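Examination of the molecular architecture
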Amino acid sequence: MESLFETAAHCLTTCETEEKLRLAGQTAQAWRDGLLSLDYKDEPEPIGEPGHPDRPVLVAPDKVAKRGLGTIEGLSALVHAMTHIEFNAINLAWDAVYRFRDLPEQYYSDWIKVAEEEAYHFQLLRTRLNELGTDYGEFTAHNGLWDMAKRTAFDPMVRMALVPRVLEARGLDVTPGIIKRLRHAGDEKTVAVLEIILHDEVEHVAIGSRWFKYFCQQRGLDSEQTFRELISQYFTRPMSGPFDYAARQKAGFTITELKALECMEISAENCGKTPSNSS
């Protein structure tokens with residue numbers, strides 16, 4: 001029986017896009033069929049760069065193509081940015097499987113499911129790019145999500161707190177606004193894709209919440225206090241609101257945690273007051 005960790009490493013390091021997508025589905029099915037074991041001989045390799053194609057060219061976040069919706073090119077740039085996020089999310093899910101060992105079987109089932117669904121999201125967005133006359137790799141992109149993966153490679157609790165619950169959870173806040181703008185522009189095709197992704201991403205963030213709280217419980221830590229300490233330690237810049245309270249609560253956030261996030265975007269003297277969108 002093949003080791004899940006060896007297979008996940010292959011999924012993670014594969015550079016060719018079509019092969020990465022194929023492996024996501026194949027590995028998920030093999031896991032469901034009981035064909036992969038949790039045995040391993042070697043410890044995980046130090047985290048490096050994941051497998052990715054030569055394009056898109058990766059640049060600093062402020063150098064990424066503009067995303068206005070007034071032109072086809074602007075719309076394409078926006079869809080491309082979201083497509084790249086989904087590609088990164090595939091690699092992040094496989095790294096969560098590969099890197100962290102000796103955990104409950106359900107942990108691996110959860111993150112394999114996420115990897116498979118992120119691959120599906122990528123395919124939906126790439127198809128939309130093709131309909132707009134372009135393809136993945138034709139615009140520049142940045143690697144912010146993976147940078148945080150490197151910083152959290154030493155501890156699954158920290159990874160769960162900061163990647164799914166902070167960086168990926170931003171999608172829960174901003175996607176409804178993007179959908180509204182696209183609908184106003186008459187782009188129902190992209191809206192339909194984003195509605196599927198938003199629905200699934202609530203569960204993906206909830207998986208991060210569930211395992212973050214599991215690790216806190218295992219270590220005798222207060223999860224709300226630990227989350228507040230971690231975001232203060234790792235994020236020195238203010239966080240941009242507003243935060244979608246309804247979606248985030250569905251994804252496992254408490255009101256206390258949401259207030260902690262808001263405290264990072266407002267002045268210290270206002271921190272702790274009732275948030276404006278907490279109703």
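Residues numbered from 1 in each chain as written. Predicted model: local features only at pLDDT ≥ 70, side-chain atom pairs only at ≥ 80, totals over all residues. Heavy atoms only, no water.

**Some thoughts on the overall build of the protein chain**
Heads up, the condition is: A helix here means a DSSP run of H or I that spans at least four residues, while a strand means a run of E at least two residues long, and both kinds are numbered starting from the N terminus. For this measure, only C-alpha atoms enter the radius of gyration; the expected value for a globule follows 2.2 Å times N^0.38, where N is the number of residues. Only protein chains enter the accessibility calculation, which uses a 1.4 Å probe. A residue is then buried if its area is under 20% of the maximum for its type, exposed if over 50%, and partly exposed in between.
Per the secondary structure count, the protein chain includes 11 helices and two strands. Helices and strands in the protein chain line up, N terminus first, as β-α-α-β-α-α-α-α-α-α-α-α-α. For the protein chain, the C-alpha radius of gyration of 19 Å lies close to 19 Å, the compact-globule estimate for 279 residues. Here the C-alpha coordinates of the protein chain stretch approximately 50 × 50 × 30 Å along the principal axes. Looking at the protein chain as a whole, 52% of its 279 residues are labelled buried.

**Section: the nonpolar core**
Under the convention used in this document: In plain words, nonpolar cores are sets of buried Ala, Val, Leu, Ile, Met, Phe, Trp, Tyr and Cys residues tied together by side-chain atoms within 4.5 Å. In this description, contact between two residues means that some pair of their heavy atoms is separated by no more than 4.5 Å.
W94, Y107, W111, L162, I231 and F235 are the most contacted members of the largest nonpolar core, which has 84 residues in total. Here this core gets 13 residues from one element, more than from any other, and that element is helix α8 (residues 188–218). Apart from residues no more than four positions distant in its own chain, W111 is found in contact with A93, A96, V97, M160, P164, H204, I207, G208 and W211.

**Quick notes on the packing of aromatic side chains**
Each pair of aromatic rings is reported with the distance of its centres and the angle of its planes. How we decide: Geometry of aromatic contacts follows a simple scheme: Phe, Tyr and Trp rings, the Trp one being its six-membered ring, pair when their centres are within 6.5 Å, and the pair is stacked under 30 degrees between planes, edge-to-face over 60, tilted otherwise. Think of it as a cone above the ring: NZ of Lys or CZ of Arg counts as a charge over the ring if it is within 6 Å of the ring centre and within 35 degrees of the ring normal.
Throughout the structure, instances matching the rule amount to 13 aromatic pairs. For the ring pair F122 and Y136, a centre distance of 5.1 Å and an interplane angle of 90° mean the geometry is edge-to-face. With F122 in helix α4 (residues 105–131) and Y136 in the loop between α4 and α5 (144–151), this pair connects stretches of sequence that are 14 residues apart. Using a relative accessible area of 0% as the deciding quantity, one classes F122 as buried. One Lys or Arg, R101, reaches over the ring of F5 and ends 4.2 Å from the middle of that ring. Across the ring face of F253, the terminal group of R165 is positioned such that the distance to the ring centre comes to 4.2 Å.

**Here's the deal with the side chain of S3**
Following the sequence through the fold, S3 ends up in strand β1 (residues 2–3). The exposure class assigned to S3 is buried, which follows from its relative accessible area of 8%. Once residues lying within four places of it in the same chain are set aside, the contact partners of S3 are L36, S37, D39 and Y40.

**Topic: the confidence of the model for the protein chain**
So the rule is basically this: pLDDT is a per-residue confidence score from the predictor, ranging from 0 to 100.
Averaged over every residue, the pLDDT of the protein chain is 91; the share at 70 or more is 94%. In this model, residues 266–279 is a region of pLDDT below 50 whose contacts with residues beyond four sequence positions or in other chains number 14 contacts.

**A look at the pattern of salt bridges**
Applicable threshold: Salt-bridge detection follows one rule: a side-chain nitrogen of Lys or Arg within 4 Å of a carboxyl oxygen of Asp or Glu.
In total, this model carries 19 salt bridges according to the counting rule given. The salt bridge involving R248 is made with D173; its shortest N-O contact spans 2.7 Å. Note that R248 is positioned in helix α10 (residues 245–250) and D173 in helix α7 (residues 170–184), a separation of 75 residues in sequence. On the accessibility criterion, R248 (1% relative accessible area) is buried.

**Section: the packing of helix α1 (residues 4–13) against helix α3 (residues 72–99)**
So the rule is basically this: Axes here mean lines fitted to C-alpha atoms, for a helix over just the part in contact, with angles spanning 0 to 180 degrees between N-to-C directions. Should an angle lie under 35 degrees it is considered roughly parallel, over 145 roughly antiparallel, and from 65 to 115 roughly perpendicular; all remaining angles are considered oblique. Two helices crossing with the near one rotated counterclockwise from the far one by less than a right angle form a left-handed crossing, whereas a clockwise rotation gives a right-handed crossing. Ten residues, namely Ala, Val, Leu, Ile, Met, Phe, Trp, Tyr, Cys and Pro, are considered nonpolar, four, namely Asp, Glu, Lys and Arg, are considered charged, and the remaining ones, Gly among them, are considered polar.
At a closest axis distance of 9 Å, the pairing of α1 and α3 adopts a crossing angle of 155°. Comparing the axis directions of α1 and α3 gives the class roughly antiparallel. The handedness of the crossing between α1 and α3 comes out as left-handed. Counted together, L4, F5, A8, A9, C11 and L12 of α1 and N91, W94, D95, V97 and Y98 of α3 form the full contact between these two elements. Considering only residue class, the contact of α1 with α3 consists of nine nonpolar, one polar and one charged.

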